Amino acid sequence: MKLIKQGLVLLLSAALSVPLLAAAQATPRSVDTALVKRGDVQIEVMRQGQGPVIVMLPSLGRSGRDYDVVAAKLAADGFRVLRPEPRGIGQSKGPMHNLTVHDFAADVAAVVENEKQGPVVVVGHAWGNFAARQLAADRPDLVRGVVLAAASAGKVPPGSKEKPISDDMRIAIDGPSNMKYSEEQRLEFLRKAFFAPGNDPRVWLGGWHEETHEAESHARNTTPVDDYFAAGTAPILDLQAEHDAVAPRRFSGVLKSMLGDRVSIVVIPNAGHALAPEQPQAMADAIAEFARRVFPMKK
């Protein structure tokens, strides 16, 4: 009889766990996907949470999945987070040759329009900052604010003869996605360009998409910086990483010096150019604070 009772308890617990499990799965961290089509372009979008919309754009040749932890934290904090995959990643597809930053921004615009909850805050990490600023310039009706995360401004301080990104650093940026290099060489590139001292670069050994990398690099090289530099007239959060070798501290005031009070600056300690895998909580907190400032949030 005792065994029968124990069996009934286990069965009852299992039955009760089904709705509890379903409820747990319906949390803001739950992610669904949608396909947004624009002419001959299809964009896969990861979506989660409810509330004002934050759109997150990833780094050069990388997926929005780099934001998994950050997106979950923002969704739990009361925001709806959209992560469109760039062309060539997941189910996102379309022409891949002779693209400009305007083309990538138009893909994001289609995603925002499909959601029908704009204008939005758009976050662009590293290369994604170019598309984020271009979206704000080309479609100001869709953008309430712009977060530039570990972003090269694209310009240097007046009087400087340096490039925004040096040739040596460009090799380190492109190196991790090039499988002709050994794993140790790729790790060295990651340490040099992407991760702060002491942070583990192995988390970014994978996740590179060569065709997307090439298309985005071409777009950056052929689109005039002034097309996107000012991000229209939107408020900007320049979210800087303390140990960013790609967007170094000596260039940290460029955006604010040229765009004035539209730009606010937050520096995240113990982070490099990768940022999201290094300090996801600090990144999410800074984005949420900025979003609350620019959205008409309910009390």
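The structure under discussion appears in the preceding block.
Residues numbered from 1 in each chain as written. Predicted model: local features only at pLDDT ≥ 70, side-chain atom pairs only at ≥ 80, totals over all residues. Heavy atoms only, no water.

1. Quick notes on the nonpolar core
Grouped together as the largest cluster of nonpolar side chains are 61 residues, with contacts concentrated most on V55, V146 and F194. At eight residues, the largest contribution of residues to this core is made by helix α3 (residues 101–115). Once residues lying within four places of it in the same chain are set aside, the contact partners of V146 are V122, A132, R133, A136, A231, A234, P235, I236, L237 and F290. Judged by nonpolar contacts, the second largest core, of 29 residues, contains V70, L74, V147 and A276. (Core = buried A, V, L, I, M, F, W, Y, C linked by side-chain atoms within 4.5 Å. Buried < 20%, exposed > 50% of the residue type's maximum accessible area, 1.4 Å probe, protein only. Helix = DSSP H or I, 4+ residues; strand = E, 2+ residues; numbered from the N terminus. Contact = heavy atoms within 4.5 Å.)

2. Some thoughts on the packing of aromatic side chains
Note on aromatic pairs: each is described by the distance of the centres and the angle between the planes. Summed over the entire model, instances satisfying the criterion amount to eight aromatic pairs. A ring pair is formed by W127 and F130, whose centres lie 6.3 Å apart and whose planes are at 85°; its orientation type is edge-to-face. On the basis of relative accessible area, W127 is assigned to the buried category, the value being 6%. By the ring-pair criterion, three or more aromatic residues cluster together here, those being F104, W127, F130 and Y228. (Phe/Tyr/Trp six-rings, centres within 6.5 Å; stacked < 30°, edge-to-face > 60°.)

3. Points about the pairing of strand β2 (residues 41–48)
Burial analysis of β2 places seven of its eight residues in the buried class, the great majority of the element. Pairing analysis gives seven bridges linking strand β1 (residues 32–38) to β2, with the strands arranged antiparallel. Following the sheet pairing, A34 is matched in β2 by V45. Hairpin connection of β1 to β2: two residues between the antiparallel strands, including G39 at a positive phi of 60°. (Pairing = 2+ DSSP bridges.)

4. With respect to the sheet that holds strand β5 (residues 120–125)
The strand order β1-β2-β4-β3-β5-β6-β7-β8 describes an open sheet built from eight strands, whose pairing is mixed. Only two strands of the sheet have a single partner each, and these edge strands are β1 and β8 (263–268). On average, each strand axis in the sheet is tilted by 25° relative to the strand beside it, whichever way the strands run. Against the sheet, helix α4 (residues 128–138) engages β3 (53–57), β5 and β6 (143–149), with an angle of about 150° to β5. (Axes fitted to C-alpha atoms, helices over the stretch in contact; angles between N-to-C directions.)

5. Focus on the pattern of salt bridges
Counting across every chain of the model gives 16 salt bridges. Ionic pairing is found between R38 and D107, a salt bridge with its closest N-O pair at 2.7 Å. Here R38, found in strand β1, pairs with D107, found in helix α3; they are 69 residues apart in sequence, far enough to count as distant. Residue class for R38 comes out partly exposed when judged on its relative accessible area of 32%. For E162, the salt bridge identified is with R250, shortest N-O distance 2.9 Å. Here the residue E162 occupies a position in the loop between β6 and α5 (167–174), and R250 occupies one in the loop between β7 (236–241) and α9 (254–259), the gap between them amounting to 88 residues. Each member of the salt-bridge network shares a partner with another, and the members are R38, R87 and D107. (Salt bridge = Lys/Arg side-chain N within 4 Å of Asp/Glu carboxyl O.)

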